[in-house]
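Observations on the three-dimensional arrangement
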Amino acid sequence: MAEHLIHSEQEGWALATVMARRAVGPAAVGAALELELRDEPVAVSNGAIRAIGTGPGAWLVIDTEPDHGFADALQDRLEGLASVSDQSSGYAVFRLSGAGARTALQRGAAIDFHPDVFAPGSVATTAIAHIGAIVWQVDDSPTYDVAVFRSLSGSFRHWLEETAAAL
Amino acid sequence: MRYSVFSLSANALSGHRRWKRVWRDAEPAEAYDVVIVGGGGHGLATAHYLARNHGITNVAVIEKGWIGGGNAGRNTTIIRSNYGLPGNEPFYEWSMKLWEGLEQDLNYNVMVSQRGIVNLYHSDAQRDAYARRGNAMRLHGVDAELLSSDDVRKLAPFLDFESARFPIMGGLYQGRAGTARHDAVVWGYARAASQRGVDIIQNCEVTGFVQDSAGAIVGVETTRGAIRAGKVGLAVAGNSSRVAALAGLRLPIESHVLQAFVSEGLKPVIPGVITFGAGHFYISQSDKGGLVFGGDIDGYNSYAQRGNLPVVEDVCEGGMAVMPMIGRARILRSWGGIMDMSMDGSPIIDASPLPGLYLNAGWCYGGFKATPASGWCFAHLLATDRSHETATAFRLDRFESGHLIDEKGAGAQPNLH
Amino acid sequence: MRLPCPYCGDRDAQEFSYRGDAGPRRPEGEDGLFDYVYLRDNPAGPIRELWYHANGCRNWIVVTRDTRTHEVHGSSLARESGA
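Residues numbered from 1 in each chain as written. Chains lettered and ligands numbered in written order. Predicted model: local features only at pLDDT ≥ 70, side-chain atom pairs only at ≥ 80, totals over all residues. Heavy atoms only, no water.

The partner chain A presents 17 residues to the 13 residues of chain C that form the contact. Summing the contributions of chain C and of chain A, the shared interface buries around 1100 Å²; its carbon and sulfur component is 50%. A per-residue breakdown of the area chain C buries against chain A is headed by C:Y7, C:R11 and C:N55, which together make up 51% of the total. If you look at where chain C meets chain A, you find 0 salt bridges. The tally of links from chain C across to chain A stands at 7 residue pairs in polar contact (both at pLDDT 80 or more). Counted by class, the side of chain C that touches chain A contains 3 nonpolar, 4 polar and 6 charged residues. (Contact = heavy atoms within 4.5 Å. Buried area = accessible area lost by both parts, 1.4 Å probe. Salt bridge = Lys/Arg side-chain N within 4 Å of Asp/Glu carboxyl O. Polar contact = N/O pair within 3.5 Å; in protein donor to acceptor, adjacent residues only side chain to side chain. Nonpolar A, V, L, I, M, F, W, Y, C, P; charged D, E, K, R; others polar.)

Here the focus is helix α1 (residues 26–33) of chain A. All names here are of chain A. Within α1, burial applies to V29, G30 and L33. The arc that holds every buried residue of α1, seen down its axis, measures 100°, which confines them to one face. Looking at α1, the residues exposed on the side facing more than 90 degrees away from the buried face are A27 and A31. (Buried < 20%, exposed > 50% of the residue type's maximum accessible area, 1.4 Å probe, protein only. Helix = DSSP H or I, 4+ residues; strand = E, 2+ residues; numbered from the N terminus. Arc of directions from axis to C-beta.)

Residues and elements named next belong to chain C. Examined bridge by bridge, strand β1 (residues 2–5) and strand β2 (residues 9–12) share 4 bridges and lie antiparallel to one another. Bridging from a neighbouring strand, C5 pairs with G9 of β2. In this structure, the hairpin formed by β1 and β2 is closed by a connection of 3 residues. (Pairing = 2+ DSSP bridges.)

The next point concerns the side chain of C:R65. Topologically, C:R65 is positioned in strand β5 (residues 60–66). In terms of polar contacts, C:R65 uses its side chain to reach the backbone carbonyl oxygen of B:N301, at 2.5 Å. Discounting residues that sit within four places of it in the chain, C:R65 has contacts with B:Y300, B:N301, C:M1, C:Y18, C:G45, C:P46, C:I47, C:E49, C:W51, C:H70, C:E71 and C:V72.

Attention now goes to the sheet that holds strand β3 (residues 43–45) of chain A. All names here are of chain A. Across the sheet, 5 strands lie side by side as β3-β4-β5-β2-β6; this open sheet has antiparallel pairing. Strands with a single pairing partner mark the edges of an open sheet, and in this sheet they are β3 and β6 (82–86). Looking at each pair of strands side by side, their axes are set apart by 25° on average, direction ignored. (Axes fitted to C-alpha atoms, helices over the stretch in contact; angles between N-to-C directions.)

From the geometry alone we can't say anything about function, so treat these as descriptive.
Structure, rendered in structure tokens:
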């Protein structure tokens, strides 16, 4: 029986990349944001904002119900600690859920999405259909969010629809 | 024994049981005038032309495995002379001319087939670049023709002309290009050299060099003992750095793996050699019917003679983009060869800094077509201590002096050439 | 071939760009510049080499790999290994 995949594009989120300055560790950046940041590919949240680990000293910070001036406010909190770059219009975020979500990702990326090694909170920055993608697992239903550069979102949607149709 | 219709008839009448050995498998002697390291096409061609052109027959070709077992057996058999730069074009054209007379010279059927090559272009800018290259070829007296899309359709109607991303707008055509049978080339040169007295010594790997008190190279240490030599020539592309390191030399070369593929045998379908201009993909059809194709090098240093899947995917994507019907063919075999990727994408035929040691190296993935001229020019260098007039640009010191021959303009990054 | 990224874990080599031998050091002046730009050891065996994780954490890493077998012996972030 065909596996089910629901996908939709997130609207209204604010996103920003945060890159720690030289010699500033994740704990200091985390303290300023009230987040427990580590240099690992994991997602952490404090209820208000969420940080997706994308590299050593680098995070994609997301506010799903942002106030106006999200990135500027972030920059103020991180003054002297990290560089902030507003990516709200730079990235498109797709939400994948349903029984077929994991299978779809397994067909697109050359990494392991088995629940033993990729669970809620896990993050992978990788490529899907040659498109750079940041994938994180939201819950174990399973639900995943996938951020891709917005200019490639049409191509990504095409891959998603083709993959969903073939499940 | 000369091969002819008479020798063929006579041997047919005696049940083909009286054919003589094609070449002599020699034991190493104590000393030679010239020792050539590497029993591939280039090394054997060098020995042949040393004997034929310069009368130097006290020559040994030493090979660590069996002759033709390295890159001579791992190429895609294409011959062409469609280069753009003045340092390259006369040399490759000289090679093309030698291919055209090779079977008569060697008295051996190396199956030279001038079936033509077309390099497809897919944009206005690429057409201009190919027109320029074609003009450069014609200025060197080489045949080149700029084809329109309709011209290409007549040659190869099965290509995907209307592809939205990579529409085929035409191609640069060289009619004298084509293919030759790689292992016949090796055996043809081996036979011709052997008949003139050259010793071909297999299973003889170089383990070091013999130097005199002044530091000059006067012989080689091998797994079959020391062999003294007036001059030593290296023709070991793929392993040039390893062998040169035995003499303490560092070269402007990295070794990279290049993969190639052959499909199951099919009826004749590909008229000549076709190259895709919007990605790296080229294809021809062997006389046995297999589609022979390949693309980019894998892109990392390797001596493993096998590659990885990303390039397999990339080559197949290129094939599907330019000729979708290839999706119906099944791949029979694939293999990897080790390329001497030089720092400017062009070869080296020059004396080394050590007296007595000469280099024939850096062929990147273009060595097969160069086999005859490489042998001719290397023999000229070994015999006269001067570069042949078509190979004066292939100097080892060009990297230091800035006289690079960089067809792609990629700079000193070997995996981009 | 999969390369062990210190941050991301094992990833297909396709995600990386290759720079080559991590050994050569850019000299301060002109002396040694030719060696640095053009000459390579090109070893058949273990080599420390630079890879950029372009489709991943976007960090330069140093991988120790055997060029005869493609066996990978380890990796580290280039900035931490002084490459």
